[in-house]
Amino acid sequence: MATTATACTTGPTLENQGAVTAPPGDSKHLTIGTAGFTESDLLAQMYALLLGRAGYSTKILSVTNRELYEPALEAGQIDVVPEYAATLADWLNAKAHGPDAPPVGSPDLAKTMIALRRLATPRGLTVLDPGRAVDQNAFAVTADYARQHKLKTLSDLGAAKLPVRLAAGDECVQRPYCEPGLKRMYGIDITAVDPKGVGTTQSKQAVQNGQDQMVLTTTTDATLDSFGLVLLADDKHLQNADYIVPVVNRSRAGSKGVTDALGALNTVLTTGDLADLNRQVDSWRRLPQDVARAYLESKGLLRPRP
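Owing to the predicted nature of the structure, the values given are computational and were not obtained by experimental measurement.

Caption draft 1: Quick peek at the state of the cysteines. Scanning the model with the defined rule gives one disulfide in all. Here cysteine 172 pairs with cysteine 178 through a disulfide, and the sulfurs are 1.9 Å apart. Judged by the sign of its S-S torsion, about -85°, the bond between cysteine 172 and cysteine 178 is left-handed.

Caption draft 2: Spotlight on unusual backbone geometry. Positive phi values are uncommon outside glycine, yet lysine 150 reaches one of about 55°. Relative to the helices and strands, lysine 150 is located in the loop between α5 (143–149) and α6 (154–160).

Caption draft 3: Local environment of the nonpolar core. By size, the foremost hydrophobic cluster in this structure holds 36 residues, and its most contacted members are Met46, Leu265, Leu269 and Leu296. Sorting the residues of this core by element identifies β2 (29–34), α1 (38–53), β4 (80–84), β11 (244–249), α10 (256–263), α11 (271–282) and α12 (288–298) as the ones contributing at least two each. Broken down by element, the residue count for this core peaks at nine residues, all from α1. In this structure, Leu154, Leu166, Cys172 and Tyr186 belong to the second largest nonpolar core, which totals 23 residues.

Caption draft 4: Structural view of the packing of α11 against α12. At a minimum axis distance of 9 Å, the contact between α11 and α12 shows a crossing angle of 140°. Viewed along their axes, α11 and α12 form a crossing whose handedness is right-handed. Here Asp273, Leu277, Gln280 and Val281 of α11 come into contact with α12, specifically with Pro288, Val291 and Tyr295. A class-by-class count of the residues in the contact of α11 with α12 yields five nonpolar, one polar and one charged.

Caption draft 5: Just helix α8 (residues 201–208), in detail. Turning to α8, its buried residues number three or more, namely Ser203, Lys204, Ala206 and Val207. Projection of α8 onto a plane perpendicular to its axis shows the buried side chains occupying an angular sector of 155°, all on one side. On its buried face, α8 sits against β6 (137–142), β7 (163–168), β8 (189–195), β9 (214–218) and β10 (229–232). Within two residues after α8, glycine 210 carries a phi angle of roughly 90°, on the positive side.

Caption draft 6: Representation of the environment of leucine 50 within the structure. One can find leucine 50 in helix α1. By relative accessible area, leucine 50 is classed as buried at 0%.

Caption draft 7: Seen up close, the pattern of salt bridges. Summed over all chains, the structure comprises 16 salt bridges. Its salt-bridge partner being glutamate 83, residue arginine 66 comes within 2.7 Å of it at the nearest N-O pair. Of this pair, arginine 66 sits in helix α2 (residues 66–75) while glutamate 83 sits in strand β4, and the two are 17 residues apart along the sequence. By relative accessible area, which is 17% here, arginine 66 ends up buried.

Caption draft 8: Fine view of the packing of α2 against helix α3 (residues 85–97). The contact between α2 and α3 brings their axes to 12 Å, and the two run at 80°. Here α2 is positioned roughly perpendicular relative to α3, judged by the angle of their axes. Contacts from Arg66, Glu67, Glu70, Pro71 and Glu74 in α2 reach Thr87, Leu88, Trp91, Leu92 and Lys95 in α3. Grouping the constituent residues of the contact of α2 with α3 by class yields four nonpolar, one polar and five charged.

Caption draft 9: How the structure looks around the sheet that holds β8. Within the open sheet, the five strands sit side by side as β8-β7-β9-β6-β10. Their pairing is mixed. Bordering the open sheet on either side are β8 and β10, each of which pairs with just one other strand. Taken pair by pair, the neighbouring strands of this sheet meet at an average axis angle of 40°, ignoring direction. Direction of pairing for β6 relative to β9: antiparallel, over a ladder of four bridges. Bridge pairing links asparagine 137 to threonine 218 in β9. Across the face of the sheet, helix α7 (residues 179–186) comes into contact with β6, β7, β8 and β9 while running at roughly 165° to β8. Contacting β6, β7, β8, β9 and β10, α8 runs over the sheet at an angle of about 145° to β9.

Rules used in this analysis
Residues numbered from 1 in each chain as written. Predicted model: local features only at pLDDT ≥ 70, side-chain atom pairs only at ≥ 80, totals over all residues. Heavy atoms only, no water. Disulfide = S-S within 2.5 Å. Helix = DSSP H or I, 4+ residues; strand = E, 2+ residues; numbered from the N terminus. Core = buried A, V, L, I, M, F, W, Y, C linked by side-chain atoms within 4.5 Å. Buried < 20%, exposed > 50% of the residue type's maximum accessible area, 1.4 Å probe, protein only. Axes fitted to C-alpha atoms, helices over the stretch in contact; angles between N-to-C directions. Left-handed = near helix turned anticlockwise from the far one by under 90°. Contact = heavy atoms within 4.5 Å. Nonpolar A, V, L, I, M, F, W, Y, C, P; charged D, E, K, R; others polar. Arc of directions from axis to C-beta. Salt bridge = Lys/Arg side-chain N within 4 Å of Asp/Glu carboxyl O. Parallel < 35°, antiparallel > 145°, perpendicular 65-115°, else oblique. Pairing = 2+ DSSP bridges.

Right under this line is the structure:
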């Protein structure tokens, strides 16, 4: 059962932290953090089931923002959390070097992981290996619009020289992965940004009804079909490598047992799988724990209940 955290103390300072050189811990009672949205809840439930199969007892703690759960992870109040490689790398980099520090997350997964681990290790955190599932920013148009203009990729859209009004967050006009990147890398003619939010119902409806031509969403958006939308492939890799990675408190959960248990998910979970799991929760109103169990059972990672 998930509980909601009301407050978390911050972890020890880097100067006083001894976890960097301490041997990996193997606590048998682990707290798994979730950021409280569907995908994070699903991943936390899968982590709990896999760790339970490996002999660990677990509880799930819902903490809705990184400003609270990351210090709790450092402090050992949370032992394991699902994260996103490039986003966490940039967040830790800003925490260490200030909000104006140049970003270290990039479309290159290997470089991003090196930067992320370099930042996480001094904080007593271990970043486990990424799998195949990635939740990146993505851009969608209506299926009819894509057929009409023969669009499969963002390069196709740039080559078509079509004026595009983009439904997105208001920060899109400045973020390098959004309007500036679409113009620079793909030559897309963004005529305006309609500030209706990232992947919101209002944004998708604006594209569905023709008010806008494209929406900023994510690669694991489970509701695109219901709006008649399809993703255009980011064929030049504008977006950062936000692959899903488990992050653990080294002194409590840095053991081979935890690594092996969570690593099993990397052999099966894909971006498409994650989008489908999100759909089952968001559209079909199934419980995250039931969806997580059914998925792991279907992949042979968990024995079916009698």
